[in-house]
Amino acid sequence: MVLIHHLLVQIVQMALVVALAPLLTGFVRKVKARLLRRRGASVLQPYRDLTRLLRKEAVVAENASWLFRVAPYLIFAATWVAAAVIPTFATGLIFSWTVDLIAIIGLLGSARFFLALAGMDVGTSFGGIGASREMLIATLAEPAMLLIIFSLALIAGSTQLSTIAAFMTYPQVGLRVSLAVALIAIIMVAIAENARIPIDNPATHLELTMVHEAMVLEYSGRHLAMIELAAMLKLLLYLSMIVCIFVPWNLKGPDAGYAAYFTGFASYLVKLIVGGAMLALFETATAKMRVFRVPQFLGAALMLGLLATLLRFVSRSF
Amino acid sequence: MSAPSLFAFDAVAAVLAIPVVAAALLALMPGYKATARINVAASLLTFAAALSLFVTERPAPGQYLLVDDLNIVFIVLNTFVGFTTSLFSASYIAHELETGRLTPANLRFYHAMYQVMMFGMNLAFVSNNIGLMWVAVELATLTTVLMVGIYRTHEALEAAWKYFILGSVGIAFALFGTILIYLAAQPVIGEGYDAMVWTLLVERVAAFDPALLNVAFIFLLLGYGTKVGLAPLHAWLPDAHAEGPTPISAVLSGLLLNVALYAVLRFKILLAANPEAISPGPLMMTMGLTSLVFAAFMLYRRRDIKRMFAYSSIEHMGIIVFAFGLGGPLANFAGLLHMVMHSLTKSAIFFAVGHIAQIKGTQRLSAIRGLTETHPALGWGLVIGVAAIAGLPPMGVFMSEFLLVSSTFARQPLLAVPLVFGLLVAFGALLLRLTGVAFGQPRGSRQPADASYLPMYSHLLLVLIAGIYLPPPLVAWFQHIANLLR
Amino acid sequence: MQGPVYFDIAHMLAGGLVLVSMMMLYQDRLYALLNVFALHSLLLTLSVAWQAFIQGAPHLYVTAAIALIFKVVVIPVALHHMIRKLGIHREIETVVGIGATMLAGIGLVALSIVVMLRVTPEADPLTREDLAFALSVLLLGLLIMVTRRNAVSQVVGFMSLENGLVLAAAGAKGMPLVVEISVAFSILIAFIVIGVFLFRIRERFDTVDVRALDDVRGRRRK
């Protein structure tokens, strides 16, 4: 019975992330439009885009290999699995004990790997550019992310997200500079990973600057829908992860009742709204940086990760 | 309170107050002749006040001020060289005014700053509070920064900027070290002013946390060591000496370096009194030897006469720091004597160099030749000065170097090798340059010098006397201090 | 007054200073650098004021006020003005790359933490942290001074270094007022000196790039 209950929570979580991801993207777009004094598309627009894409025929380039066709599903699957184990409204999800933070990074890394491969597969110049830039970003973003995870693990004594989230709610953790630094660093990494401004602009197709869009230029139909949904999931994943680590309030344990889950879910929604609005605000206020500056930006994130690890040692012993 | 003790306090107050009053007066007064005279008179009065410290009863060490055997020597030396330099400065500045390198407005600023600087240095010597000492050293440094840049040429600005940047690094390190000393003292002595009073610190230092003291001393040594001009941190020194007015070069070499050295010594005494702290000796010896050998080699490739003597100052500061680092009665005695001799000799050399550079209109060594032929008084003065600074007998510098070398051979024979090596290299470099400057084919302007020879020759005479005969009271006094320094 | 919250806020403010120092290393525009410096000083003000509150030392409020008035408002505004008036090149030239500089900065932070925590095992934890952070800020300020070629950014580096000193002085319990005022004074004096220099440099050449001065020297030595 307990097992079924746990399974049920897990399934709800899996469904939830997929259902919420387009909404979050739509919401961010809407807020951005409003900040620019445009009306903007409805927050439901991403759902419509996705269903339209799913209905359309998938056109595949003549010289594309099997990899090109398989990659979208692999990317989506890897991202989904990663997103399914992040505590959103409940900690201690049944699947989450098999996957810790490092594994989540690994899953996202493999999704990225396939995306880059698919980008190069057709042999167009744009795909190549996109793939090479993506890899450039990845080589810096992933070590930075790992360093941040190290510092978190040093503080919380675990790489398991549920444990970290539970630890963070202890009163004796208090305000820690190393945590603040880690937060800044993780936000920087998240911005780079999700191809947001100032690293990349998700709304343009400008040859000189695009990274993510360049790789998926050859995709259409359901393949494109998979990749787009995976990208949306990734945004949700990072936001949930930040929220879960740094604002872990009202996360429910694995054996809570339905009412408790409901309040947990409501507070999760509030957190998402606040986070999404802040992202939109930040993006509107920032200018995109030149591609050559990107390594510097991520280098700074890497340094901050290192600094967070260091500063942990001045903090009170936990 | 008896009357003499009251008078003694007045002497300390006078040493501090006269420069302040004079600075205010000089800042307000126009006209060159009168201000130069006031400058000299104020310096003379300060010197007299400092001398009176010998005879009057000393005040009990207070929260801020202190007079003891160690700092009387420094104060008297400081005010004496300050006085003779003001004499030299009067004739030097007149020439600068004629040639238009300085304007009357500059001059007013210059004289006021000169007295502020004297005040800062005197305050540093008599302060009993490590915070106050820091403030005083900084005050003296900042005024010299301003004076180094007074010509406003490219080079002068560059020198002043470099001096300022490196000096501020020194400022920062020294203050951080001071704060650490306070923190080490605070658990033992308690919060507040008492934990910064040097005499109290020395009494109770044995109970301080040694680890904190160690770190504090390293910061203090780096911080004040920058101002002493020790080797890795010396980069400001040659530029500042070469580009500022020559009286300032004389004061920098002869006095300001001593102020910083005095600060280092105070903290060395402090550290030595704590049995568990690191012994400051090896650190100081390393820095001293490095400076000595490095500067000795740098002497060879100089083309600017003031720059060359600036490197010579680094060399001698290295010797002095080495001597105090070696410690023990004999080496401390040698270090103290060497410090006095160096101040006197080096300022005398700068007096000569200042006039020479004015006559020749350049500081390039290659343009200055055959001085003994064209300007015998200046030329021979320079020859005697350089011979003294290079360590030739019978001058006082030879005496102190001899004492130091013999003491080193007795206690650390291995270290004596680089020491003697550095001394010989510097000796060779100085004599090599001297032959050209003093005895070569005369070159450049032959116009007679309008110089005041009194400051230069009085210094050289003192150095000569010290080399031949040291009066027993002075020896006893120095020995007493040497024991104090451990 | 002791307690986890008091401690935490002091910790956050002091640690924030280190973080902002790192941010200063990252800047490559003069105006941005000045703004970050103002933020740095603001954090210092808060930190000192908080120390004054915890220690019950009213004289520290004076230090905080001095920091607020001079370093948050007057100096950044004056430097902004100066940059505009003198038409100084607004990009900062660095001696080594920003990445390498930041790496060096991390090394310095590590060094100061290791040194300060090791020598003060018995001190009050607040003081220990404060010292470690203060030394980090000091060394980072030094790093800025060393790695920037532009005179204005060297000045900013110097002032951030002074901020570290003020932090250390404020963290040392019961340290007499003399020192804090003197610190403020020395900053003031230093600033006057610098101001004088900048204008004098401008009188002579059309740049405040210190490298131009080096060129002069190079020519002379030839």
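Residues numbered from 1 in each chain as written. Chains lettered and ligands numbered in written order. Predicted model: local features only at pLDDT ≥ 70, side-chain atom pairs only at ≥ 80, totals over all residues.

Caption draft 1: Up close: the overall build of chain A. The helix and strand inventory of chain A stands at 11 helices and zero strands. In chain A, the succession of helices and strands from N to C terminus is α-α-α-α-α-α-α-α-α-α-α. For chain A, the C-alpha radius of gyration of 19 Å lies close to 20 Å, the compact-globule estimate for 318 residues. Along the longest, intermediate and shortest principal axes, the C-alpha atoms of chain A span 60 × 45 × 40 Å. (Helix = DSSP H or I, 4+ residues; strand = E, 2+ residues; numbered from the N terminus. Rg over C-alpha atoms; globule rule 2.2 N^0.38 Å.)

Caption draft 2: Structural context of the overall build of chain C. A count of helices and strands for chain C gives eight helices and zero strands. Secondary structure elements in chain C, listed N-terminal to C-terminal, are α-α-α-α-α-α-α-α. Nonlocal contacts in chain C, meaning residues at least 24 apart in sequence, comprise 71% of its contacts between residues at least 6 apart. (Contact = placed C-beta atoms within 7 Å.)

Caption draft 3: Summary view of the interface of chain C and chain A. Between chain C and chain A, the contact holds 22 residues from the first and 17 residues from the second. When residues of the side of chain C that touches chain A are traced back to their parent elements, those giving at least two are helix H1 (4–26), helix H4 (98–119) and helix H5 (125–147) of chain C. Sort the elements by how many residues they give to the side of chain C that touches chain A and H1(C) lands first, with 10 residues.

Caption draft 4: Molecular detail of the arrangement of the chains. Take the two pairs of chains in contact: the one carrying the most contacts is chains B and C. At the C-alpha level, the nearest point of chain A lies 17 Å from chain B, with no contact between them.

Caption draft 5: Region of the structure containing helix H18 (residues 454–468) of chain B. Residues and elements named next belong to chain B. The first and last C-alpha atoms of H18 sit 21 Å apart over 15 residues, in line with the 21 Å expected at 1.5 Å per residue. Of the residues making up H18, those classed as buried are Pro455, Met456, His459, Leu460, Val463, Ala466 and Gly467. Take H18 and look down its axis: the buried residues cluster within an arc of 125°, on one side only. Here the buried face of H18 lies against helix H3 (69–99), helix H13 (328–360), helix H15 (376–390) and helix H16 (396–411). (Expected span 1.5 Å × (residues − 1). Buried ≥ 20, exposed ≤ 12 C-beta atoms within 10 Å, placed from the backbone. Arc of directions from axis to C-beta.)

Caption draft 6: Region of interest: the environment of Lys268(B). Residues and elements named next belong to chain B. Turning to its location among the elements, Lys268 is positioned in helix H10 (residues 246–272). For the pair Lys268 and Phe350, spaced 82 residues apart in sequence, the C-alpha to C-alpha distance is 30 Å. Residue contacts for Lys268: discarding those within four places in its chain leaves Pro280 and Phe324.

Caption draft 7: Quick peek at the confidence of the model for chain C. All names here are of chain C. On average, residues of chain C score 77 in pLDDT, and 76% of them reach the 70 mark or higher. Within chain C, no element has a lower average pLDDT than helix H8 (residues 210–221), which sits at 49, and none a higher one than helix H2 (residues 30–55), at 90. For the stretch residues 215–222, pLDDT sits under 50, and the model shows five contacts to residues farther than four places along the chain or on other chains. Our summary of model confidence lists the complex with pTM equal to 0.85 and ipTM equal to 0.84. (pLDDT = per-residue confidence, 0-100.)

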